[in-house]
Amino acid sequence: MGENKTENQKYNLSEHNHHHEHGGHESHGNHNNHHGSHRGNGHHDHGDMVNDFKKRFFISLIITIPILALSPMIQDFIGVDWRFTGDMYILFGLSSILFFYGGLPFITGAVSELKEKNPGMMTLIALAITIAYGYSTLVVFGWEGHQLFWELATLVDIMLLGHWIEMRSVMGASNALEQLVKLMPNEAHRFDDNDQIQDIPLSDLKNNDRVLVKPGEKIPVDGRIVNGESAVDESMLTGESIPVEKNKGDEVIGGSINKEGSLTIQVENTDEDSYLSQVITMVKEAQESKSKTQDLTNRAAKWLFYLALIAGFATLFIWLLLGYSFDIAIERMVTVMVITCPHALGLAAPLVIAVSTAISAKKGLLIRDRANFEEARKLNAVVFDKTGTLTKGEFGVTDIIPIDGYSEEEILKFAAGIEQNSEHPIATGIVKATEEKGIHIGKITDFESITGKGIQGKVDGKKVNVVSPGFVNSNNLTYNEKLFNKMSEEGKTVVFVLLADELIGMIALADMVRDTAKEAIAILKENGIHSIMLTGDNRKVANWVAEQLSIDEVYAEVLPDDKANQVKRIQEKGWKVAMTGDGVNDAPALATADLGIAIGAGTDVAMETADVVLVRSNPNDVVDLMELSRKTYRKMVQNLWWATGYNIFAIPLAAGVLAPVGIVLSPAVGAVLMSLSTIIVAINARLLKA
């Protein structure tokens, strides 16, 4: 990429010929191309799981209604008697359906956790519902005691609801790989042995085949130009902000867009070796290597699981030692073990997440990976991609240098007059500047493009040229070279305006810096967080932008495949790193960083690889994001205390600590305490404010 850096100072106005600008309009319907092997179907599984929990929750909820109505303890509680012959067998049948259907995800989850020797939430829930079901079944078939089917039903319902809420607000497996595949066209125009063009599927291309790429089309594969010249837009892939001039012998990357000339390309890398395939592989590896953060709820559940076992068996032995019958001792043990699985714990995190996700959506932050979002509060450094993130990714006029007594307005007016029909980024920047200043643009006639040199035509009958430095030098026109060099050093693109073949001024343009980026970096500095710029663009451009924004650390001319490595090097300092970017070239770095933040106006690939998407493309939202992460975490900790605090209080009572003074916690009172704890947790979650 280094050899293309000087292209920033070149200006090929032949690119003005833009009737094919609607570039990538190919159908992406056919995914059976050679990247097919990369397609992850994880997001389908995730969607299925969300729907599965939803369905199980609603069906279990419907079955719970008759279970509650048939439970003697609930009837006593509300002061009615609906008992009839065989009612316990119906209760047992309904509860069995609910246990095996509603409880299945928890039982299978518990088996997995125990296989990994890492009991967590699933094991705790499975323990409570299995004990409640097993014990209640024994009671129905003759054991002395009170059955707890109602407890089993409410526990299963609330846990299914909690998991459904949680999974809905957590990102599914990334669609990034599918989005990367979509960047490629489906077909290529291949020359056969007789130099006739055939349209063939991408998968049929072989090394050394020659393909034609028409203006406005995507380049189908990595290769080398054997015929033609054009400007190629690689910004989505490499971050290079200006379309790069490509001539015979230059390399091109599959997925970039051919802007204006027809190109004949000799295929060099197909399938696994292509640049895009390598990006896909890196994204895949980075996503798989991302640590699966064991969240707070799981850690709390793990300890509660051990606590339930210890407290349960301790209760059983103490009651037996005190001389009580086995059935009374076992009922105490079961009550303790069922109460230890707090309903509130299952909702503590999901409710906060749901509220947090709703707040973030209002603020234009889409959270796709909750675990990494929660870690945002620990960030030490934020790495920003330059083009499209800190800058707008579009040209704006920065300097107008008049020559021979013409005014800035006149120079801009003539330049815009001739640029008005072009879709070239520089043309757009000049025309936009006249609109902002309210300058009227004249009528254009006799427009023509001079390949590699510039454009010319008549504006209101006067001959005007907008040309490159190369044209000015080859015609020996004099200008302020010192000033020109200074502007070029700052990474600005400079064009010259001629009126009737006389040089009347220079216009410098640069990728415009976002005002919000300045604010965001200032706030990050105040909070002691390092801002770092990482870009594929050339060093001079990068340094100029960094100066505008007061960024201290700049890594420029970083090749796309090296961006992820650069993030790793920053992480090696022991820092927690967020990466903010918008291009395909940022995808591996976004996946590697502790927190990947995609700018919403960027590519689908970047958005799919990221943990959070900033819909408004506002760097200031990075600050909001970290603040929301802190508040969300604080609320979660509060909720976990409320949820487990109930246990600290209820377990000793359920175990019968106050039995000597005649206070034994009946399961019904346990249920009221449990509901109270759940309500508090729900209210506390709603109190989370942006």
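Here is what the cut-offs are and how they apply
- Residues numbered from 1 in each chain as written.
- Predicted model: local features only at pLDDT ≥ 70, side-chain atom pairs only at ≥ 80, totals over all residues.
- Heavy atoms only, no water.
- UniProt positions renumbered as here; feature names shortened; annotations may be inferred.
- Pairing = 2+ DSSP bridges.
- Helix = DSSP H or I, 4+ residues; strand = E, 2+ residues; numbered from the N terminus.
- Buried < 20%, exposed > 50% of the residue type's maximum accessible area, 1.4 Å probe, protein only.
- Patch = residues over 30% accessible without salt bridge, like charges linked within 9 Å, V, L, I, M, F, W, Y side chains within 5 Å.
- Areas by Shrake-Rupley, 256 points an atom, 1.4 Å probe, with all protein chains shown as cover.
- Salt bridge = Lys/Arg side-chain N within 4 Å of Asp/Glu carboxyl O.
- Expected span 1.5 Å × (residues − 1).
- Arc of directions from axis to C-beta.
- Axes fitted to C-alpha atoms, helices over the stretch in contact; angles between N-to-C directions.
- pLDDT = per-residue confidence, 0-100.
- Contact = heavy atoms within 4.5 Å.
- Phe/Tyr/Trp six-rings, centres within 6.5 Å; stacked < 30°, edge-to-face > 60°.
- Right-handed = clockwise from strand over helix to strand, strands pointing away.

Naming follows an unreviewed UniProt entry, where the protein appears as P-type Cu(+) transporter of Oceanobacillus picturae. In the Subcellular location (unreviewed entry) part of its UniProt record, the protein is described as follows: "Cell membrane".

1. Brief notes about the sheet that holds strand β6 (residues 244–246)
Hydrogen bonds between backbone groups are what pair the strands of a sheet, and the pairing can be parallel or antiparallel. Across the sheet, 3 strands lie side by side as β6-β5-β8; this open sheet has antiparallel pairing. Of all strands in the sheet, those bounded by a partner on one side alone are β6 and β8 (257–258). Strand direction decides the pairing type here: strand β5 (residues 230–233) and β8, joined by 2 bridges, are antiparallel. Looking at the pairing, valine 232 lines up with asparagine 258 of β8.

2. What about the environment of arginine 370?
Tracing the backbone shows arginine 370 in helix α13 (residues 370–374). As a C-alpha pair, arginine 370 and aspartate 611 span 241 residues in sequence and 7.6 Å in three-dimensional space.

3. Some points on unusual backbone geometry
Not every positive phi belongs to a glycine, and aspartate 501 is a case in point at roughly 65°. Structurally, aspartate 501 can be placed in the loop between β16 (493–499) and β17 (502–513). Given the relative accessible area of 42%, aspartate 501 is considered partly exposed. Here the phi dihedral of glutamate 557 falls at roughly 55°; this positive angle occurs in a residue that is not glycine.

4. Observations regarding a nonpolar patch on the surface
A cluster of nonpolar residues, Phe313, Phe317, Leu320, Leu321 and Phe326, forms a patch on the protein surface that exposes about 520 Å² of accessible area. Tracing the sequence through the fold places phenylalanine 313 in helix α10 (residues 296–321). Take phenylalanine 313: its relative accessible area is 39%, and that puts it in the partly exposed class.

5. Considering the pairing of strand β3 (residues 210–213)
Walk down a regular strand and you will see the side chains alternate between the two sheet faces. In terms of strand pairing, strand β1 (residues 187–191) meets β3 through 2 bridges, oriented antiparallel. Counted as the bridge partner of arginine 190 is valine 211 from β3. Here β3 pairs with strand β9 (residues 263–269) via 4 bridges, running antiparallel. In the strand pairing of β9, leucine 212 is matched with threonine 264.

6. Some words on helix α4 (residues 104–115)
A rise of 1.5 Å per residue sets the reference length of α4, with its 12 residues, at 16 Å; its end C-alpha atoms lie 17 Å apart and thus fit the reference within 8%. Taken together, the buried positions of α4 are occupied by Pro105, Phe106, Gly109, Ala110 and Glu113. For α4, the angular spread of buried residues about the axis comes to 130°, placing them on one side. Two residues or fewer past α4, lysine 117 is found with a positive phi of approximately 55°.

7. Focus: the sheet that holds β16
Strand order in the open sheet formed by 6 strands is β12-β17-β16-β15-β14-β13, and the pairing between neighbours is antiparallel. Of all the strands in the sheet, just β12 (391–402) and β13 (444–450) have a single pairing partner and so form its edges. Mean inter-strand twist for the sheet, computed between neighbouring axes without regard to direction, equals 20°. Both β16 and β17 contribute to a ladder of 7 bridges, which runs antiparallel.

8. Section: the confidence of the model for the protein
Across the protein, pLDDT averages 80, with 84% of residues at or above 70. When pLDDT is averaged over each element of the protein, helix α3 (residues 87–102) comes out on top at 96 and helix α7 (residues 176–182) at the bottom at 57. Scored below 50 in pLDDT, residues 170–176 shows 22 contacts in the model against residues more than four places distant or in partner chains. Under a pLDDT of 50 for its full length, residues 289–294 has, in the predicted model, 10 contacts with residues more than four places off or in other chains.

9. Brief notes about the pattern of salt bridges
One pass over the structure, following the stated rule, counts 21 salt bridges. A salt bridge links aspartate 87 to arginine 83; its shortest N-O distance comes to 2.6 Å. Close ionic contact of lysine 563 with aspartate 586 constitutes a salt bridge, the shortest N to O distance being 2.8 Å. Residue lysine 563 is found in helix α21 (residues 560–571), and its partner aspartate 586 is found in the loop between β20 (577–581) and α22 (587–592); the two are separated by 23 residues along the sequence. Residue class for aspartate 586 comes out buried when judged on its relative accessible area of 0%. Via salt bridges that share partners, Glu375, Arg377, Lys378 and Lys576 belong to a single interconnected network.

10. Description of the environment of leucine 296
By the secondary structure assignment, leucine 296 is in helix α10. Note: C-alpha distance between leucine 296 and methionine 636 (340 residues apart in sequence) is 8.3 Å. Leucine 296 has contacts with Tyr633, Val637 and Leu640, leaving out every residue within four places of it along the chain.

11. A look at the environment of glycine 581
In this structure, glycine 581 sits in strand β20. For glycine 581, a relative accessible area of 0% translates into the label buried. Separated by 197 residues in the primary sequence, glycine 581 and phenylalanine 384 place their C-alpha atoms 6.3 Å from one another.

12. So, the packing of aromatic side chains
In total, this model carries 19 aromatic pairs according to the counting rule given. Between the aromatic rings of phenylalanine 100 and tyrosine 133, the centroid separation amounts to 5.7 Å while the plane-to-plane angle is 75°, which identifies the pairing as edge-to-face. Residue phenylalanine 100 is located in helix α3, and its partner tyrosine 133 is located in helix α5 (residues 121–140); the two are separated by 33 residues in the primary sequence. Within the aromatic cluster, the residues linked to one another by ring pairs are Tyr89, Phe92, Phe99, Phe100, Tyr133, Phe141 and Phe149.

13. Notes on the pairing of β20
For β20, a buried count of 5 out of 5 residues is recorded, marking the element as mostly surrounded by other parts of the structure. Side chains Val577, Met579 and Gly581 project from β20 onto one buried face, and the interleaved Ala578 and Thr580 project onto a second face that is buried too. Pairing geometry for β20 and strand β21 (residues 595–599), over 4 bridges, is parallel. Along β21, the bridge assignment pairs glycine 581 with alanine 598. Since β20 and β21 lie parallel, the crossover through α22 that links them has a hand, and here it is right-handed.

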